[in-house]
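# Overview (structure and organization)
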Amino acid sequence: MSLEATVAVPFRQEGRDRLGDGEFVVALSLDRDWFSPDQAKRVVDVALGRGLLERDDGELVATFDPDAVDVPEEFAPDADVLREQSAFEQVLDRVTDAGVEKQAAVAGINELQRELGLTIEAAAVVYARREGVDVSGVAGAARNSVLDE
């Protein structure tokens, strides 16, 4: 996952599990020259939204083990990491990462949506759980998208 690798790099670079926003932004923009400072701030926002980062006492903390992420030596993130995914897209990514063919997953989700009268986000969560895919970190975003409608 490109976003996860992007988020892992500043923590690995600094050898710490907590970073200030400024340190994180500097690592992505000035140290690595991957993004402008504004884009690096957007990475923080997207990572917070995706549940990869959380704030604790004014610092950023990874919700995963940055050292466990495979980051190839020549890694450079693409612009897609700046795009916040919808709850549906996040669940679909998890399902396809677990080995379910994308077309089959979308068809199954659409069927559940029609049968149960659910939003696409809720149907995706139900589908993922039926497939045994852990979407606990995304289920809240799906719930929020339902409540916002």
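In this report, the structure presented in the accompanying data block is examined. (Residues numbered from 1 in each chain as written. Predicted model: local features only at pLDDT ≥ 70, side-chain atom pairs only at ≥ 80, totals over all residues. Heavy atoms only, no water.)

### A few points about the overall build of the protein
A tally of regular secondary structure across the protein gives 7 helices and 3 strands. Ordering the α and β elements of the protein from the N terminus gives α-β-α-α-β-β-α-α-α-α. Reported as C-alpha extents along the three principal axes, the dimensions of the protein are approximately 50 × 30 × 25 Å. Considering the protein as a whole, with its 149 residues, one finds that 40% of them fall into the buried category. The contacts of the protein with a sequence gap of at least 6 include a subset with a gap of at least 24, amounting to 56%. About 8,200 Å² of surface is accessible on the protein, with carbon and sulfur atoms providing 44% of the total. (Helix = DSSP H or I, 4+ residues; strand = E, 2+ residues; numbered from the N terminus. Buried < 20%, exposed > 50% of the residue type's maximum accessible area, 1.4 Å probe, protein only. Contact = heavy atoms within 4.5 Å. Areas by Shrake-Rupley, 256 points an atom, 1.4 Å probe, with all protein chains shown as cover.)

### Overview of the sheet that holds strand β3 (residues 59–62)
Pairing is antiparallel in the open sheet, where 3 strands are placed in the order β1-β3-β2. Two strands close off the open sheet at either side, each with one partner strand: β1 (18–19) and β2 (53–56). Bridge count between β1 and β3: 2 bridges; the pairing is antiparallel. Pairing of Arg18 across the sheet is with Val61, part of β3. (Pairing = 2+ DSSP bridges.)

### So, helix α1 (residues 2–14)
Between its terminal C-alpha atoms α1 stretches 19 Å, which fits the 18 Å expected from 13 residues at 1.5 Å a residue. The sharpest bend along α1 measures roughly 25° and falls at Ala8, with the proline Pro10 sitting one to four residues further on. Buried positions along α1 lie against β1, α2 (21–31), α3 (37–49), β2 and β3. (Expected span 1.5 Å × (residues − 1). Bend = angle between axes of the 7 residues up to and from the residue.)

### A word on the environment of Val26
When you line up the elements, Val26 lands in helix α2. Assessed through its relative accessible area of 35%, Val26 is described here as partly exposed. Placed 11 residues apart in sequence, Val26 and Pro37 show a C-alpha to C-alpha distance of 7.2 Å.

### Details of the pattern of salt bridges
Applying the stated criterion across every chain yields a total of 5 salt bridges. The shortest N-O distance in the salt bridge between Arg18 and Asp56 comes to 2.8 Å. Separated by 38 residues along the polypeptide, Arg18 in strand β1 and Asp56 in strand β2 bring together distant segments of the chain. The class for Arg18 is partly exposed, based on a relative accessible area of 24%. You can call Asp56 partly exposed: its relative accessible area is 33%. A salt bridge links Arg114 to Glu111, with the nearest nitrogen and oxygen atoms 2.2 Å apart. Of this pair, Arg114 and Glu111 are both found in helix α5 (residues 102–116), 3 residues apart, which corresponds to roughly one turn of the helix. Judged by its relative accessible area of 59%, Arg114 is exposed. (Salt bridge = Lys/Arg side-chain N within 4 Å of Asp/Glu carboxyl O.)

All we've got here are geometric facts, nothing functional implied.
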